Amino acid sequence: MVTVETVVRINAPLEHCFDLARNIDVHTRTVWPHTKELAVAGVTTGHIGLGETVTFEATHLGVRQRLTSRITDFRAPHYFVDEMQRGAFKYLRHEHHFERVDGMTLMRDRLTFSAPLGVIGWIVERAVLRRYMRSFLMYRNEQMKVLAERN
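Right, let's walk through the structure included here.

Cut-offs and rules
- Residues numbered from 1 in each chain as written.
- Predicted model: local features only at pLDDT ≥ 70, side-chain atom pairs only at ≥ 80, totals over all residues.
- Heavy atoms only, no water.
- Core = buried A, V, L, I, M, F, W, Y, C linked by side-chain atoms within 4.5 Å.
- Buried < 20%, exposed > 50% of the residue type's maximum accessible area, 1.4 Å probe, protein only.
- Helix = DSSP H or I, 4+ residues; strand = E, 2+ residues; numbered from the N terminus.
- Contact = heavy atoms within 4.5 Å.
- Pairing = 2+ DSSP bridges.

**Remarks on the nonpolar core**
Ile10 and Phe98 are the most contacted members of the largest nonpolar core, which totals 21 residues. Counting only elements with at least two residues in this core, the list comes to strand 1 (2–10), helix 1 (14–21), helix 2 (24–30), strand 3 (53–60) and helix 3 (118–150). The greatest single-element share of this core, amounting to five residues, is contributed by helix 1. Excluding residues within four positions of it along the chain, Ile10 makes contact with Cys17, Met104, Thr105, Met107, Lys145, Ala148 and Glu149. Counting residues in hydrophobic clusters, the runner-up holds 15 residues, among them Val4, Trp32, Ala115 and Tyr132.

So, in structure tokens, the structure goes:
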């Protein structure tokens, strides 16, 4: 299992950042353009909340795939968790933390995942997926920062 953590400081209100992070439309606009990510089932537009699911379809590492996540914990406006229900990973849990620090919003992501395929998956996690997932989160967070600070 691998854990990736990212942190970004955003000059915008905590509640605004929290709502942007759980907005499906914003999600699809703030990920890498080449993934062509779409929400195709569950909550496909607007805000997602506790117990709700979303299925995203996207191209990652050259493979078109689907991932269904459920919001399993939700404490507005400070914290929510989405966990994979179906998808390419053996396990995936994404914690979103929001905190007000020095007049800014500190947004922290903690992504824990495990690849399938035993030893081969373990090697791929460390050789490819750790860096890929960290880059994916950092790009999305920077895009969210731009959007939050503009509005």
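**Structural notes on the pairing of strand 4 (residues 63–75)**
Relative to strand 4, strand 3 runs antiparallel, the two sharing eight bridges. From the neighbouring strand, Ala58 faces strand 4, where its bridge partner is Gln65. Between strand 3 and the antiparallel strand that follows it, strand 4, lie two residues; Leu61 among them carries a positive phi value of about 55°. Sheet analysis places strand 4 next to strand 5 (residues 79–86), joined by seven bridges and oriented antiparallel. Across the sheet, residue Thr68 finds its bridge partner in strand 5, namely Arg86. Two successive antiparallel strands, strand 4 and strand 5, enclose a turn made up of three residues.

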